[in-house]
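Listed below are the residues making up each chain.
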Amino acid sequence: MGLSHSLALAWNPFGSKDEFEEVQFSAAEQAQIKTNAGWAKGEDQTLLFEIHNGLKGPIQCAQVQVDLQDGKHLAKSFTPKLFVPPQSIRNASLPHVQKGTMKTYALSCSCFKKQGRGECVNPLRKS
């Protein structure tokens, strides 16, 4: 016998179900998040990422995907998600990316907003 639907959804670590929602960034917010990618001097196998969060609230990044020039794709999920506090920089890496083989990259990041609107907020911080 499994849990009923209402019991399975009863607990939310951030308060009521509708109080905080994880959302994608608006165009204006996206413009305040800068990323750089490259290889450290003398290292040609591990791609490094630098994520600059210029927002007033924290963000979290769940995954990075790299498209290579030969048509292959590499991806890495961050478990737990990579937390980037407001006005801060965090680094991440993706091994096995040979220097000079990357075509493009994309980071999958989001933030929490009260009822999905307004500024990004930390859902664990008491108001």
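Residues numbered from 1 in each chain as written. Predicted model: local features only at pLDDT ≥ 70, side-chain atom pairs only at ≥ 80, totals over all residues. Heavy atoms only, no water.

Draft legend 1. The arrangement of the sheet that holds strand β3 (residues 46-53) in detail. Strand order across the open sheet formed by three strands is β2-β3-β6, with antiparallel pairing between neighbours. Each having just a single partner strand, β2 (33-38) and β6 (88-95) make up the two edges of the open sheet. Averaged over all adjacent pairs, the angle separating strand axes in this sheet is 20°, with direction ignored. Looking at chain direction, β3 and β6 are connected through eight bridges and run antiparallel. Each residue of the ladder has a partner; that of L48, found in β6, is S93. (Pairing = 2+ DSSP bridges. Helix = DSSP H or I, 4+ residues; strand = E, 2+ residues; numbered from the N terminus. Axes fitted to C-alpha atoms, helices over the stretch in contact; angles between N-to-C directions.)

Draft legend 2. A look at the pattern of salt bridges. Applying the stated rule across the entire model yields three salt bridges. Between E22 and K81 there is a salt bridge, with its nearest N and O atoms 2.7 Å apart. Residue E22 is located in strand β1 (residues 20-23), and its partner K81 is located in strand β5 (residues 73-84); the two are separated by 59 residues in the primary sequence. One salt bridge connects E29 with K113, and the closest N-O pair in it is separated by 2.9 Å. Here E29, found in helix α2 (residues 27-30), pairs with K113, found in strand β7 (residues 102-114); they are 84 residues apart in sequence, far enough to count as distant. No difference in accessibility class separates E29 from K113, as the two residues are buried. (Salt bridge = Lys/Arg side-chain N within 4 Å of Asp/Glu carboxyl O. Buried < 20%, exposed > 50% of the residue type's maximum accessible area, 1.4 Å probe, protein only.)

Draft legend 3. Quick look at the side chain of N53. As for its position among the elements, N53 is in strand β3. A polar contact is formed between the side chain of N53 and the backbone oxygen of G57, at a distance of 3.0 Å. Once residues lying within four places of it in the same chain are set aside, the contact partners of N53 are Q32, I33, P58, I59, V84, P85, P86, Q87 and S88. (Polar contact = N/O pair within 3.5 Å; in protein donor to acceptor, adjacent residues only side chain to side chain. Contact = heavy atoms within 4.5 Å.)

Limitation: the analysis is restricted to geometry and does not speak to function.
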